[in-house]
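This is what each chain is made of:
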2 protein chains.
Amino acid sequence: MATGRTHRPATRSRGIPEATVARLPLYLRALTALSERSVPTVSSEELAAAAGVNSAKLRKDFSYLGSYGTRGVGYDVEYLVYQISRELGLTQDWPVVIVGIGNLGAALANYGGFASRGFRVAALIDADPEMTGKQVAGITVQHSDDMEKIISENGVSIGVITTPPGVAQQVCERLVAAGVTSILNFAPTVLSVPDGVDVRKVDLSIELQILAFHEQRKAGEEAEAQAGAVVAAHQESDGKGPDGDVPAVMPA
Amino acid sequence: MATGRTHRPATRSRGIPEATVARLPLYLRALTALSERSVPTVSSEELAAAAGVNSAKLRKDFSYLGSYGTRGVGYDVEYLVYQISRELGLTQDWPVVIVGIGNLGAALANYGGFASRGFRVAALIDADPEMTGKQVAGITVQHSDDMEKIISENGVSIGVITTPPGVAQQVCERLVAAGVTSILNFAPTVLSVPDGVDVRKVDLSIELQILAFHEQRKAGEEAEAQAGAVVAAHQESDGKGPDGDVPAVMPA
DNA sequence: CGTTGTGAAATCCTTCACAGCA
DNA sequence: TGCTGTGAAGGATTTCACAACG
C-alpha cells in the first residue's frame, strides 16, 4: 500500500497543511458565489459562515497562503479567488479520463462540475466493446485497449475509476503505467499505487456506514436520555467531525 | 454552521474517535472478503495490509472496541465481522430515501453496495412530475409532495440528496422536519442543519481540486528536482472528508 | 475602531516500542 | 515464540486570545 512517506525535500517547502488544502476548494466556492454577486470584500467571519467553518480556522488557513487580507476591512473577493485558484493549480487545464462508463461513470461525465473549473473530460474509456463508439455526454466512448495511447496523446495526469471493484486495481496499474499520477477512485476497493501517485477515494457505502454509526448512537442515547442529558450535535461541515464524539452516556 | 458543542457527560464516555469510526467500514470490507474465502483468522499485519493502513493503527483502533484478538494468533474473522457490524449499527436495517433522481440519483439507486449491508432504498423521490411513477432500479419514483408521508411511513432516518445545488438546502430542511437525522449530501452546497443532525458530503469537484493541488506540486518539484530530491507520495486512503464545492456551476 | 495574522495552548490522531499473554 | 494491547512520545490540527495594523 504505498506508505506515503512524506519526505520533505530539504528546500524550503511551501508546506501547506493537508487539512488546509482540503478546505481551499470550499473557500473558493463561497468566494465565487460572492464574486458573482459582485460583492467586493468579505470578512473572515462572513466567509467562514458561507463555507461552514469557523473564522479562526479560516484565518489560519489563509495565513499559510500569505497575507492577503486588510486589517479592519477583510479580504478582497476577486483577489482571493485568484490566489486560491492559483494555489490549487486551477489556472491551468487538467485533462481527465473516466474509466468505466456504467451508470456512475456516465453520471459523472454528465456532471457539470467537471468543466466548470480547470477540469476537462478528455476521454471516456470502457472495456465493453458494446460501449465503444457510443456517445455519452457528447463524448465518444473509446475502448480500453487504447488506454495508453489516449493518456499519452492527451497528456492526462488525472484518472477517475468508476469500474466494478474486481477490475479497479488492474485499471489503476495501467493508468499509472501510462503516466497518470493522480487517481480518484469510486470503486469500493483499496488501490495499491507506487510512491508519487496520489489516490483519493469516494465511497458511498463507507459514508453510509459512518452515518449509521452515529444514527445508532443517537437512538441509544434517546432511550437513555433522562433529564439533564445533553444530546450532542454533529455538524461535520468539513472533513472530519470537528466536535468529534457523542456523549454516549455509558450506563452500567 | 451549527457549532456542535460537545458536552462531555461526567460519566466515562464510550468515545470511539471519529477517525477510528471512519476506518471501521474499511476493516469490515476486508474482513468480509476474508470471510468469503473462509479464512478463519487474520493477524493485524495482514488485515492492515488488506485495508490499506498500518498495523499499529489498526490495533489501536480495535482497542477502542475491546479486546477481540488472541495474542500470538490474531483475530477471529467471523467474530470481528460481527463485532464491527454491531458497532456500526449494521445488524439492523436502515431504510434510506434518495431525493433527486437525475443521472447521479439513478446511478446510486442502481448501485449494489446499498442493499448489501444493512441499507435498503425505501423510496426514490423527485420533484419533476415527469419522473413520478417511472421505475428506476425496480423502484417507483414518487413525487416530492409526498416526502413527509414517505419518510414517516417508512421510518426513514437517513436521506441522500442528489438534487441540483440550488434546491439542496430546502430539500434538506424538509427531510429534517420530517424526521431525517442523517444526511449524505452529493450536491455541491454547504448544508445548514440543526444540532443533532449529521451531514456528510461527497463532492467530486473538491476531490479533483485536491488532486490538482498535489499534481501541480509534483510538476513543480520535478522541475526543481536535482539529484537526491525525494518526491513525496500521498496515499490518502481514507477520508477525511468529503466537502462540497463546485465553482459556481449555474445549474440549468 | 474593526479585523487580520499569529504565537501559544489545547485537542486530536498516529506512531513507537515493548510488556504481557496465549 | 509470535502477536496483541497499550502507555507514552511525537505530529498534526484546531482553538484561543490578543497584539498589530489599516
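Residues numbered from 1 in each chain as written. Chains lettered and ligands numbered in written order. Predicted model: local features only at pLDDT ≥ 70, side-chain atom pairs only at ≥ 80, totals over all residues. Heavy atoms only, no water.

### Considerations on the overall build of chain A
Thought 1: If you tally the helices and strands in chain A, you get 9 helices and 10 strands.
Thought 2: Of all 252 residues assigned to chain A, the portion counted as buried reaches 54%.
Thought 3: Pairs at least 24 residues apart make up 55% of the contacts formed inside chain A by residues separated by at least 6 positions. (Helix = DSSP H or I, 4+ residues; strand = E, 2+ residues; numbered from the N terminus. Buried < 20%, exposed > 50% of the residue type's maximum accessible area, 1.4 Å probe, protein only. Contact = heavy atoms within 4.5 Å.)

### As for the pairing of strand E7 (residues 139-143) of chain B
Residues and elements named next belong to chain B.
Thought 1: Bridge analysis of strand E5 (residues 119-126) against E7 gives 3 bridges, and the strand direction is parallel. What sits directly across from Leu-124, in E7, is Val-141.
Thought 2: What sits between the antiparallel neighbours strand E6 (residues 135-136) and E7 is a turn of 2 residues, in which Ala-137 has the positive phi angle 55 degrees. (Pairing = 2+ DSSP bridges.)

### Comments concerning the UniProt feature "DNA-binding region" (unreviewed entry) in chain A
Thought 1: With numbering aligned to this structure, UniProt lists the feature "DNA-binding region" (unreviewed entry) at residues 26-65 of chain A.
Thought 2: For the annotated span residues 26-65 of chain A, helix accounts for 75% and strand for 5% of the residues, and the straight-line distance between the end C-alpha atoms is 15 Å. (UniProt positions renumbered as here; feature names shortened; annotations may be inferred.)

### A short note on the sheet that holds strand E3 (residues 74-76) of chain B
Residue and element names in this part refer to chain B.
Thought 1: Read from one edge of the open sheet, 3 strands run E1-E3-E2, paired in antiparallel fashion. Every interior strand has two partners, whereas the edge strands, strand E1 (41-42) and strand E2 (69-70), have only one.
Thought 2: The sheet contacts of helix H4 (residues 77-88) involve E1 and E3, and relative to E3 the element is tilted by about 70 degrees. (Axes fitted to C-alpha atoms, helices over the stretch in contact; angles between N-to-C directions.)

### Digging into the packing of helix H1 (residues 18-36) of chain B against helix H3 (residues 55-65) of chain B
All names here are of chain B.
Thought 1: Put simply, H1 and H3 touch, their axes get as near as 10 Å, and they point 105 degrees apart. Compared by their axis directions, H1 and H3 come out roughly perpendicular. From H1, Thr-20, Arg-23, Leu-24 and Tyr-27 reach across to H3, where they touch Lys-57, Leu-58, Asp-61, Phe-62, Tyr-64 and Leu-65.
Thought 2: Classifying every residue of the contact of H1 with H3 by side-chain character gives 6 nonpolar, 1 polar and 3 charged. (Parallel < 35°, antiparallel > 145°, perpendicular 65-115°, else oblique. Nonpolar A, V, L, I, M, F, W, Y, C, P; charged D, E, K, R; others polar.)

### Some thoughts on the environment of Gly69(B)
Residues and elements named next belong to chain B.
Thought 1: Mapping Gly-69 onto the fold places it in strand E2.
Thought 2: Overall, the relative accessible area of 37% leaves Gly-69 in the partly exposed class.
Thought 3: Taking the C-alpha atoms as reference, Gly-69 lies 9.5 Å from Thr-41; in sequence the two are 28 residues apart.
Thought 4: When neighbours within four sequence positions are excluded, Gly-69 is seen to be in contact with Gly-74 and Tyr-75.

### Focus on the protein's contact with DNA strand C
Thought 1: As a matter of local geometry, DNA strand C sits amid 23 residues, with Ser44(A), Gly69(A), Arg71(A), Tyr75(A) and Arg23(B) nearest to it.
Thought 2: A share of 63% of the atoms of DNA strand C within 4 Å of the protein falls on sugar and phosphate groups.
Thought 3: Between Arg59(A) and DNA strand C, the recorded distance is 2.9 Å, taken from a side-chain N or O atom to a base nitrogen.
Thought 4: One of the backbone N or O atoms of Gly72(A) is found 3.0 Å from a sugar or linking oxygen in DNA strand C.
Thought 5: The residue inventory of the surface near DNA strand C, partitioned by class, reads 5 nonpolar, 10 polar and 8 charged. (Near = heavy atom within 4 Å. Polar contact = N/O pair within 3.5 Å; in protein donor to acceptor, adjacent residues only side chain to side chain.)

### Focus on the pattern of salt bridges
Thought 1: Enumeration according to the criterion identifies 13 salt bridges over all chains in this entry.
Thought 2: Residue Lys218(A) is joined to Glu215(A) by a salt bridge in which the shortest nitrogen-to-oxygen separation is 3.2 Å. Of this pair, Lys218(A) and Glu215(A) both sit in helix H9 (residues 204-224), 3 residues apart, which is roughly one turn of that helix.
Thought 3: Among the charged side chains, a network of salt bridges with common partners joins Asp198(A), Glu215(B) and Lys218(B). (Salt bridge = Lys/Arg side-chain N within 4 Å of Asp/Glu carboxyl O.)

### Quick word on helix H3 (residues 55-65) of chain A
All names here are of chain A.
Thought 1: Within H3, burial applies to Ser-55, Leu-58, Asp-61, Phe-62 and Leu-65. Viewed end-on, H3 has its buried residues packed into an arc of 120 degrees, placing them on one side of the element.
Thought 2: In the stretch just after H3, Gly-66 is the one whose phi turns positive, near 145 degrees. (Arc of directions from axis to C-beta.)

### Let's talk about the protein's contact with DNA strand D
Thought 1: Close to DNA strand D lie 24 residues; Arg23(A), Arg71(A), Ser44(B), Gly69(B) and Tyr75(B) are nearest.
Thought 2: Restricting attention to atoms of DNA strand D within 4 Å of the protein, one finds that 63% of them are sugar or phosphate atoms.
Thought 3: Arg59(B) places a side-chain nitrogen or oxygen 2.9 Å from a base nitrogen of DNA strand D.
Thought 4: For the surface near DNA strand D, the secondary structure elements donating two or more residues are helix H1 (18-36) and H3 of chain A together with H3, E2 and E3 of chain B.

### Re the packing of aromatic side chains
Thought 1: Across all of its chains, the model carries 6 aromatic pairs over all chains by this definition.
Thought 2: With a centroid separation of 5.2 Å and 80 degrees between ring planes, the pair formed by Tyr27(A) and Phe62(A) is classed as edge-to-face. Taken as a pair, Tyr27(A) in helix H1 and Phe62(A) in helix H3 lie far apart in primary sequence, 35 residues in all. Take Tyr27(A) and Phe62(A): they sit in the same class, and that class is buried.
Thought 3: Ring centres of Tyr68(B) and Tyr79(B) lie 5.5 Å apart, and the angle between their planes is 80 degrees; this geometry places the pair in the edge-to-face category. Here Tyr68(B), found in the loop between H3 and E2, pairs with Tyr79(B), found in helix H4; they are 11 residues apart in sequence, far enough to count as distant. (Phe/Tyr/Trp six-rings, centres within 6.5 Å; stacked < 30°, edge-to-face > 60°.)

### Section: the nonpolar core
Thought 1: Ranked by size, the top nonpolar core spans 105 residues in total, and within it Ile84(A), Phe114(A), Ile84(B) and Phe114(B) carry the most contacts.
Thought 2: Those residues in contact with Phe114(B), other than ones at most four positions away along the chain, are Leu204(A), Leu208(A), Val96(B), Ile98(B), Leu108(B), Phe119(B), Val121(B) and Val160(B). (Core = buried A, V, L, I, M, F, W, Y, C linked by side-chain atoms within 4.5 Å.)

### So, the sheet that holds strand E2 (residues 69-70) of chain A
Residues and elements named next belong to chain A.
Thought 1: On the basis of which strands lie adjacent, the open sheet formed by 3 strands has the order E1-E3-E2 and antiparallel pairing. Two strands bound the open sheet, and with one partner strand each, they are strand E1 (41-42) and E2.
Thought 2: Sitting on the sheet, helix H4 (residues 77-88) touches E1 and strand E3 (74-76), and the angle it makes with E3 is about 70 degrees.

### Points about the environment of Leu31(A)
Residues and elements named next belong to chain A.
Thought 1: Position of Leu-31 relative to the elements: it lies in helix H1.
Thought 2: When the C-alpha positions of Leu-31 and Val-42 are compared, they lie 8.7 Å apart, and in sequence the two are 11 residues distant.
Thought 3: With sequence-adjacent residues up to four places away left out, Leu-31 is seen in contact with Val-42, Leu-47, Val-77, Leu-80, Val-81 and Ile-84.

### Some points on helix H8 (residues 165-178) of chain A
Each α-helix winds once per 3.6 residues, and so residues spaced three or four apart point in a common direction.
All names here are of chain A.
Thought 1: With 14 residues, H8 ought to run about 20 Å at 1.5 Å a step, and its terminal C-alpha atoms sit 20 Å apart, in line with that.
Thought 2: Restricting attention to buried positions, one finds in H8 the residues Ala-168, Val-171, Cys-172, Leu-175, Val-176 and Ala-178. Relative to the axis of H8, the buried residues are bounded by an arc of 155 degrees and lie together on one face. Away from its buried face by more than 90 degrees, H8 exposes Gly-166 and Ala-177.
Thought 3: In the core, the buried residues of H8 are packed alongside strand E4 (94-99), helix H7 (147-154), strand E8 (158-161) and strand E9 (182-185).
Thought 4: Residue Gly-179 follows H8 closely and has a positive phi angle near 120 degrees. (Expected span 1.5 Å × (residues − 1).)

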